[in-house]
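# Results of the structural survey
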Amino acid sequence: MSILVKFGIWAVPLGVVLAFLPLLYQTEFESTDFDYVQETCNRTLGSYKLQCPNISSDLKELFKSHGVVVLRQVLPPELIEDLIGEVQCRFRPKEKSRSWALFARNVWMDSEVFGRFALHQDSPLGCLAAQLIPGAHTIRYGHEELNMLVEEQNGTEAWQTDLESNLPENLTGSVPLVRFFLPLIRQNLSNVTGGSESVFPLNHFARLRKYYPPCFDEDGRLKGTCLAMNNLAAAPALAPGDLLLYSPLMPHRTQRMLSGSRIGLSGSLYEPSLLIPWVAEVKSLELLTEPPDMGLVCWDKSTKEWHGNLNWQSAGTHGISNGTTACFPQVYPQPQENEMVTRFSNYLLNPYGPHSVKLRRFLHSFPLQKLIGAAPGWLLPWFT
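What comes next is a walk through the structure. The model shown is predicted, which means the values in this text are computed figures rather than measured ones.

How each quantity is defined
Residues numbered from 1 in each chain as written. Predicted model: local features only at pLDDT ≥ 70, side-chain atom pairs only at ≥ 80, totals over all residues. Heavy atoms only, no water. Disulfide = S-S within 2.5 Å. Helix = DSSP H or I, 4+ residues; strand = E, 2+ residues; numbered from the N terminus. Contact = heavy atoms within 4.5 Å. Pairing = 2+ DSSP bridges. Buried < 20%, exposed > 50% of the residue type's maximum accessible area, 1.4 Å probe, protein only. Expected span 1.5 Å × (residues − 1). Phe/Tyr/Trp six-rings, centres within 6.5 Å; stacked < 30°, edge-to-face > 60°. Lys NZ or Arg CZ within 6 Å of the ring centre and 35° of its normal. Salt bridge = Lys/Arg side-chain N within 4 Å of Asp/Glu carboxyl O.

## Overview of the state of the cysteines
Tallying each qualifying case throughout the model produces four disulfides. Disulfide pairing places Cys215 opposite Cys226 at an S-S distance of 1.8 Å. Here Cys215 and Cys226 share a disulfide; its torsion about the S-S bond, 60°, makes the bridge right-handed. A residue pair is termed long-range when its members are at least 10 positions apart, and Cys215 in the loop between α7 (202-211) and β6 (243-246) and Cys226 in the loop between α7 and β6 qualify at eleven residues.

## So, the environment of Leu125
Following the sequence through the fold, Leu125 ends up in helix α6 (residues 124-132). Taking C-alpha positions, Leu125 is 9.9 Å from Arg140, a pair spaced 15 residues apart along the chain. Among residues more than four places away in sequence, those in contact with Leu125 are Phe117, Tyr141, Phe180, Leu243 and Leu269.

## Examining the sheet that holds strand β9 (residues 296-300)
Taken together, three strands build an open sheet; the order of strands is β10-β9-β12 and the sheet is antiparallel. Two strands close off the open sheet at either side, each with one partner strand: β10 (305-308) and β12 (348-349).

## What to know about the pairing of β9
Among the five residues in β9, four count as buried, and that is most of the element. Note: β9 against β10, four bridges, orientation antiparallel. In the strand pairing of β10, Trp299 is matched with Trp306. Taking the residues that link successive antiparallel strands as the turn, the β9-β10 hairpin has four residues, and the phi of Lys304 there is positive, at about 55°.

## Quick word on helix α4 (residues 77-90)
Here α4 is 14 residues long and its end C-alpha atoms lie 20 Å apart, about the 20 Å a rise of 1.5 Å per residue gives. What α4 keeps buried is the set Leu79, Ile80, Asp82, Leu83, Ile84, Gly85, Glu86, Val87 and Arg90. Among the structural elements, β2 (102-105), α5 (112-118), β3 (139-150), β4 (177-184) and β8 (261-270) are those in contact with the buried residues of α4.

## Considering the packing of aromatic side chains
Per the stated rule, a full pass over the model turns up seven aromatic pairs. With a centroid separation of 6.3 Å and 90° between ring planes, the pair formed by Trp108 and Tyr141 is classed as edge-to-face. Residue Trp108 is found in the loop between β2 and α5, and its partner Tyr141 is found in strand β3; the two are separated by 33 residues along the sequence. Neither Trp108 nor Tyr141 differs from the other in exposure class; each is buried. When the ring of Trp159 is compared with that of Phe200, the centres are 6.2 Å apart and the planes differ by 70°; the resulting orientation is edge-to-face. Of the two residues, Trp159 is situated in the loop between β3 and β4 and Phe200 in the loop between β5 (197-199) and α7; the sequence distance between them amounts to 41 residues. Exposure class is identical for Trp159 and Phe200. Each is buried. Ring-pair connections join several aromatic residues into one group, and the members of that group are Trp159, Phe200, Phe205 and Phe216. A cation sits over an aromatic face here: Arg105 above Tyr352, 4.6 Å from the ring centre.

## A short note on the pattern of salt bridges
The tally for this structure, following the rule as stated, stands at twelve salt bridges. We note a salt bridge from Glu81 to Arg186, for which the minimum N-O separation is 2.9 Å. Of this pair, Glu81 sits in helix α4 while Arg186 is found in the loop between β4 and β5, placing the two residues 105 residues apart along the sequence. A salt bridge links Arg221 to Asp219, with the shortest nitrogen-to-oxygen separation between them at 2.4 Å. For Arg221, a relative accessible area of 13% puts it in the buried group. For Asp219, a relative accessible area of 40% puts it in the partly exposed group. Because the salt bridges share partners, they merge into one network encompassing Arg43, Glu86 and Arg90.

Have a look at this one:
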């Protein structure tokens, strides 16, 4: 068969592919890639001696019944300024977006400043979570998100929980994971400025489940548009250095930003030896009806292992990461030396970070390739 004949056989399908290629191509990558990170910042975190305040028995009872507590002046304003400065230097907010000006994941893996903060020897985050999780001996860090709101942006409009909303009552008080929200701001957040977290206490939520079925689907899940929740919700006024801790079962949403702007850091603090059996119990009850999140969130080059699942630190996946990993580092009672070395030797790859921008640009520009490239996740380290 001559070369011309062979070329003719392939010319028709090749022409069809080329004809449809413009329809598959998507532009404006940065408008959707909210976690785009600049790599030109050389800032450092100042030297701070931090302390962990004791949570009173009254506040512990409040957390148990309401699922939320606000702790005042946990961090010094100078440290908050360091974090704000790093965000302003490193990120490019999208102020025209309706929801978020910025939404970045796992920033601690790529930013020296946020890495030093998350793994600070005296960080109060793990210590505070250990006081709210009965029987906790160690606390690990994960599911970190950094977001920014500017005036008239909504953030997350729908009511949501960070775990299934149809769990039985006997499990609600035993989740060995605490979520935190740290506002990185220079002035107070209030109902005047907006930008706080709207929370719906667990005690109200229990009554809502019992007496107001219209707010729930047939399978028991909360409807994010439940208007009846608005009157009983609260948006705590937050000042620089304040910290909001809440249960992953408590409904919450972002308060609309009415004036100014705010940056917020949120994440999960959990006891690994308690979390994995807890998730196993939930699985045995067959309450997690949706497919487990197998998303890849961290590649540990030192052990050549992938770790997944943003919400449950791999505990909700089929391949549970039941051992220690620097991808979800220990922060209480203190960071582990080998995990510190792994992080600051740049042995952790964040698929949502700056080193994977080119791959994300390709997947965004040609979305069909996303279906093809999503499965062999082990190839990602070689493409970035």
